[in-house]
Every structure is written in structure tokens, then in C-alpha cells.
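Here's the letter readout for the chains.
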Amino acid sequence: MAANIPQTMRAIALSKYCKPNEYAVATLPTPSISNPDELLIKVHAASVNPAGQNDGGKDSFPYKLGYDLAGTVVAVGTSVTNFSPGDEVYSRVPGHLRGSIAQYALSTSSTTALKPKTLSFGEAASMPLAAQTALQSLYRGEAETEGGLRGKTVFIPGALSGTGSFGVQLAKNVFGARVVSTVSSGKVGSVGTLLGKGTPDLVVDYTKDDVVKEIGKGSVDFMFDTVGQTFKSLPLMKKGASIVSISTLPSGKLIREMQPGVPLWLKVMLDVVNWVIELWTGWSGVRYSYLHLVGNTADLEKLAKWVDEGKVKPIVGESVGLEDIEGIRKGCMRIFEGKGGVGKFVIDIA
Ligand SMILES: NC(=O)c1ccc[n+]([C@@H]2O[C@H](COP(=O)([O-])OP(=O)(O)OC[C@H]3O[C@@H](n4cnc5c(N)ncnc54)[C@H](OP(=O)(O)O)[C@@H]3O)[C@@H](O)[C@H]2O)c1
């Protein structure tokens, strides 16, 4: 380990699977590079996503948390040519390197990019996982919609959620779609202020109003389902439209690719559920698929460019420091419960 990198660091680490209200900060060995494509990053900020703890039963403890970070590269593996120590970067770290809510973390050169120049580290850390998920879902929607998404009606529930806030801005300002969205009552007034006037084109209070009536039956060309509302939204969809969901269940085949140790019974069950959803949506003339994001440098570079051009801005609802464990528990609990948050929850490390 280089002389200026400490042997130990502070990190959010669990001693057992638990809910966020039991999270703790621990002192752990600073990770070191063990593969040629890895980067060791001094983390300035990390952000939190709803992705749960892996319950495959095969994890080792202490279990480090966090997939998103922004920071400064302090060391690079022998095959890394696109980054050097001192580079300011942002990354969605691959699953096997999970642990971004820490003073130091590893990522790979193919899942990292230079941080958008116009953003703080906290804002940059809020982006990788949620923004790439939204972008990859919209790419799929663009490919599945005849003539692409420009001028088409795109429905993205949760205009102020992590994934929804990026989805709405990308769909409108990059893909050129007419965007309709939903939020709960307390957030209706903040949408235009946070995302920009007219983004989305229509926002509906899903807790009070009739979403199908407000948006219009059979009016949507593409839905990016951020909240598991695929079935409820079928009346909104045109015949031949498509839905890409990130919040229903992955197929068994996909889950086995992500977690090879998943038992066969679970794979079969998930494949059956997936088949039923495809069949059901197919009866309505709608093409359905689940998407799991794949972090990559190219998408992060595109997102950084759009941010620096003013087309996309991250919404950071709240930031707390790494040692503010009560603040971290509260913020992570809100994400765990899936209600009430605005934009992304960021943990300042530096
Ligand atoms: N497959 C993948 O690769 C992938 C990647 C990222 C995320 N995800 C999943 O996608 C989901 C969303 O992630 P996220 O980061 O956007 O979560 P998040 O930032 O925690 O947002 C959740 C928000 O959704 C809103 N919401 C809940 N029910 C709603 C409804 N029926 N209509 C409209 N809004 C509703 C809530 O706002 P209110 O308080 O206004 O209700 C809440 O603040 C999670 O289930 C996550 O696990 C999957």
C-alpha cells in the first residue's frame, strides 16, 4: 500500500443482515488492488440505493454497503490505461466490489468515468446507479418503439424518485419525448422547481387523482416502470407499446446470471412469474421486459456530457456525514420503506 494511504478506514459495515435502523460505522482494513483492471478510489461522497442486502446466504461479514461513489483515484491496477492517480471520477462499483460508503473503495476501469465537471462530489455520487438504470431503460424503449421516442408519450412514475428524476429529464431533454409522471401530494409543487418548468409535461398526484383518467386511456407509447405499477398501468398503454420495468421481479435466468448460487427452485419460480407477466401484458398488446442495469464507462461519459450541457441535473434530497449514524439510519430507512424521499440520499465522506 502506498505510503499516504492509511492501513485502516471508516466504512458502513454490517456484522449481520439487518434493517437500516441497525446500520453501524466500523473501522476496517483499507481495500487494496488485487486485479489488473481495478482502481483504488479515495471516496469523497457515496449515495444510497434501494438495492437490498444480498440474501443468498453466502456473503461474508463485515458486509460493506454502497454501489455509488465519487472521489479521487489514488492507485490503479497494472492494465489500467484510462485513469491515473489524481483523476476525479464517479462510478457504480460492480457487485463483487460493493462498499462505496467508505473512505476508500475499489472499482474497475470499465465501470468508472471522469466526474461531470460542473458537479460537486456529492451530486456526482448521486448519479451512477440511478441515472444509468434510467438511461439503459430508455435506450431499450427507444429500440422497441417504432420511430424511436422523439415526440412520443413516455410514462415514468415517481418524477422525484432516484431513478424517476433521471428518467424524466433524460426522456424529455435527451430523447425528446412528451413525458408524463406521478408523485404523491406533498411533492406536486416541487416538481417544476427541481426538474425545470415543463419537465415533465404532465404530473399527476397518484395518491388523489385517477391516473388513467388524467394521463388518458391508451395514450402511452412507452413506460419506464420505476415503482412496480406495470399491471395497473396497462389501460394507459397503446397497442404495440412497451414497458421496461426495474421494480417487478427479474427472471430466474437473469437472477442466476447475477447470482449463480441462487437455488434452482427460486430460478424456476421467478421464470414462471416472469412468464405470467409477459403473457398478461401480451394479452393487452404490450411488450414487457425487466431490466437490470449494467454499469459501464460509456454511459457514465454520456451522462457527464449531458450534465455539463445542462440537460440533466441530479436531485440530492439530503446529505449527511459518514459519522452521522443516526442520520444515515434514518435516510436509509426511508429508502428501505420506498416512500417520502426526494431525489437521492448522499453520504459525504471527505
Ligand atoms: N433493476 C435495476 O437494475 C434497478 C436499478 C435501480 C433501482 N431499482 C429498483 O427500482 C425501484 C426504484 O428505485 P429508486 O432508486 O428510484 O427508489 P427511490 O429513490 O427510493 O424512490 C422511491 C420513490 O417512489 C415513489 N413511489 C412509491 N410508490 C409510487 C407510486 N405508486 N407511484 C409513484 N411514485 C411512487 C415514492 O415517492 P412518494 O413518497 O411520493 O410516494 C418514493 O420516494 C426500487 O425498487 C429499486 O430497487 C432497480
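The structure presented is a predicted model; accordingly, all values stated were derived computationally and were not measured.

K.L.:
Please provide a residue-by-residue account of the layout of surface pockets, values included.
P.N.:
Empty space within the second largest pocket amounts to approximately 270 Å³. Every residue lining the second largest pocket is counted, 16 residues in all, and those nearest its centre are Lys64, His96, Leu97, Arg98 and Leu106. Where the lining of the second largest pocket is concerned, the elements lending two or more residues are strand S4 (63–64) and strand S7 (104–108). Ranked by residue count, the leading element in the lining of the second largest pocket is S7, at three residues. Split into classes, the residues belonging to the lining of the second largest pocket amount to seven nonpolar, six polar and three charged.

K.L.:
Can you tell me about the side chain of Gln169, naming the residues and giving the values?
P.N.:
As for its placement among the helices and strands, Gln169 is situated in helix H3 (residues 162–173). A distance of 3.0 Å separates a polar side-chain atom of Gln169 from the backbone oxygen of Ser165. Those residues in contact with Gln169 that lie beyond four places of it in its chain are Val174, Leu195, Thr199, Lys311, Val312 and Lys313.

K.L.:
Let's hear about the domain arrangement of the protein: which residues, and what values?
P.N.:
As assigned here, the protein comprises domain 1 (8–127 + 314–348) and domain 2 (133–290). A straight line from the C-alpha centre of domain 1 to that of domain 2 covers 27 Å. With twelve residues of domain 1 in contact, the opposing surface of domain 2 contributes eleven residues. Carbon and sulfur atoms make up 59% of the surface buried where domain 1 meets domain 2, a total of about 840 Å² over both sides. Its largest share of buried area at the contact with domain 2, domain 1 owes to Ile315, Val342 and Gly343, together 44% of the area lost on that side. Taken together, the links from domain 1 to domain 2 amount to zero salt bridges. Remark: the boundary between domain 1 and domain 2 carries three residue pairs in polar contact (both at pLDDT 80 or more). Classifying every residue of the side of domain 1 that touches domain 2 by side-chain character gives four nonpolar, five polar and three charged.

K.L.:
Describe in detail the packing of helix H2 (residues 128–144) against helix H8 (residues 297–308), supporting the description with residues and values.
P.N.:
Running from N to C, H2 and H8 cross one another at 100 degrees; their axes reach a closest spacing of 10 Å. As the angle between them shows, H2 and H8 are arranged roughly perpendicular. Two secondary-structure elements touch here, H2 through Pro128, Ala131, Gln132, Leu135, Gln136 and Tyr139 and H8 through Asp299, Leu300, Lys302, Leu303 and Trp306. Class assignment of the residues belonging to the contact of H2 with H8 gives a composition of seven nonpolar, two polar and two charged.

K.L.:
Give a detailed account of the pattern of salt bridges, specifying residues and quantitative values.
P.N.:
The full count for this structure, using the stated rule, is 13 salt bridges. As a salt-bridge pair, Lys238 and Asp221 come within 3.0 Å of each other at their nearest N and O atoms. Remark: Asp221 occurs in strand S12 (residues 220–225) and Lys238 occurs in strand S13 (residues 237–245); sequence separation between them is 17 residues. Here Asp299 and Lys302 are joined by a salt bridge, their closest N and O atoms 3.6 Å apart. With a gap of three residues between them, Asp299 and Lys302 both fall in helix H8, about one helical turn apart.

K.L.:
Tell me about the site of the ligand, and please be specific about residues and values.
P.N.:
Around the ligand sit 24 residues, and of these Gly162, Thr163, Ser184, Tyr206 and Gly340 come closest. Contact between the ligand and Gly162: an oxygen atom at 2.7 Å from a main-chain N or O atom of the residue. For the ligand, a nitrogen atom lies 2.9 Å from a polar atom in the backbone of Leu291. When the ligand sits alone it has 930 Å² of accessible area, and the protein chains cover 84% of it. Listed by contribution, the elements that provide at least two residues to the shell around the ligand are H2 and H3. Looking at side-chain class alone, the shell around the ligand contains eight nonpolar, 14 polar and two charged residues.

K.L.:
Explain the sheet that holds S4 to me, and be specific about the residues and the numbers.
P.N.:
Spatial ordering of the open sheet is given by S2-S1-S4, a layout of three strands whose pairing is antiparallel. Bordering the open sheet on either side are strand S2 (25–29) and S4, each of which pairs with just one other strand. Note that strand S1 (residues 8–14) and S4 share two bridges and pair antiparallel. Paired with Ala13 across the strands is Lys64, a residue of S4.

K.L.:
How would you sum up the packing of H2 against H3? Please name residues and give values.
P.N.:
Their axes nearest at 8 Å, the elements H2 and H3 cross at an angle of 50 degrees. Classified by the interaxial angle, the pair formed by H2 and H3 is oblique. Seen from above, H2 lies across H3 with right-handed handedness. Residue-level inspection shows Ala130, Ala131, Thr133, Ala134, Leu135 and Leu138 of H2 in contact with H3, the latter providing Gly162, Thr163, Phe166, Gly167, Leu170 and Ala171.

Definitions and limits used
Residues numbered from 1 in each chain as written. Predicted model: local features only at pLDDT ≥ 70, side-chain atom pairs only at ≥ 80, totals over all residues. Heavy atoms only, no water. 1 Å grid on protein atoms, 1.4 Å probe; cavity = no way out; pocket = protein on both sides within 12 Å on 5 of 7 lines; lining within 4 Å. Points joined across faces, edges and corners; volume = space filled by probe spheres on them. Helix = DSSP H or I, 4+ residues; strand = E, 2+ residues; numbered from the N terminus. Nonpolar A, V, L, I, M, F, W, Y, C, P; charged D, E, K, R; others polar. Polar contact = N/O pair within 3.5 Å; in protein donor to acceptor, adjacent residues only side chain to side chain. Contact = heavy atoms within 4.5 Å. Domains from an automatic or database assignment. Buried area = accessible area lost by both parts, 1.4 Å probe. Salt bridge = Lys/Arg side-chain N within 4 Å of Asp/Glu carboxyl O. Axes fitted to C-alpha atoms, helices over the stretch in contact; angles between N-to-C directions. Parallel < 35°, antiparallel > 145°, perpendicular 65-115°, else oblique. Near = heavy atom within 4 Å. Areas by Shrake-Rupley, 256 points an atom, 1.4 Å probe, with all protein chains shown as cover. Pairing = 2+ DSSP bridges. Left-handed = near helix turned anticlockwise from the far one by under 90°.

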